[in-house]
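Working through the structure, step by step
Given next are the chains, with one letter for each unit.
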Amino acid sequence: MKKLLIFIYLIGAPFFEIYPAGRIDSLLKVLDQTLSERAVYEEKKEADICGLKQQKK
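Residues numbered from 1 in each chain as written. Predicted model: local features only at pLDDT ≥ 70, side-chain atom pairs only at ≥ 80, totals over all residues. Heavy atoms only, no water.

**Looking at the confidence of the model for the chain**
When pLDDT is averaged along the chain, the result is 81; 82% of the residues meet or exceed 70. The lowest-confidence element of the chain is helix α1 (residues 2-16), averaging 74 in pLDDT; the highest-confidence one is helix α3 (residues 38-56), averaging 90. (pLDDT = per-residue confidence, 0-100. Helix = DSSP H or I, 4+ residues; strand = E, 2+ residues; numbered from the N terminus.)

**Digging into the pattern of salt bridges**
One pass over the structure, following the stated rule, counts one salt bridge. For Arg38, the salt bridge is made with Glu42, and the minimal N-O distance between the two is 3.1 Å. Within this pair, Arg38 and its partner Glu42 are both found in helix α3, separated by four residues, close to a single helical turn. Among the residues examined, Glu42 registers a relative accessible area of 36% and is labelled partly exposed. (Salt bridge = Lys/Arg side-chain N within 4 Å of Asp/Glu carboxyl O. Buried < 20%, exposed > 50% of the residue type's maximum accessible area, 1.4 Å probe, protein only.)

**Comments concerning a nonpolar patch on the surface**
Taken together, Met1, Leu4, Leu5, Phe7, Ile8 and Ile11 make up a surface patch of nonpolar side chains, about 670 Å² in accessible area. With respect to the helices and strands, the residue Met1 is situated in the segment before α1. (Patch = residues over 30% accessible without salt bridge, like charges linked within 9 Å, V, L, I, M, F, W, Y side chains within 5 Å. Areas by Shrake-Rupley, 256 points an atom, 1.4 Å probe, with all protein chains shown as cover.)

Below, the structure written as structure tokens:
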């Protein structure tokens with residue numbers, strides 16, 4: 001039983017600290033930046049689509 005618990009601990013322990021707190025904050029900052037730039041991206045995409053439609057005519 002002890003060997004099983006040690007085995008489970010050794011297998012599972014690394015997964016509990018995959019993302020340290022600093023890395024999670026960094027990922028959240030990138031996600032926040034991506035979401036804030038989404039509106040700008042959508043406007044550019046719509047302008048490109050309208051430009052292509054005008055060229056097609």
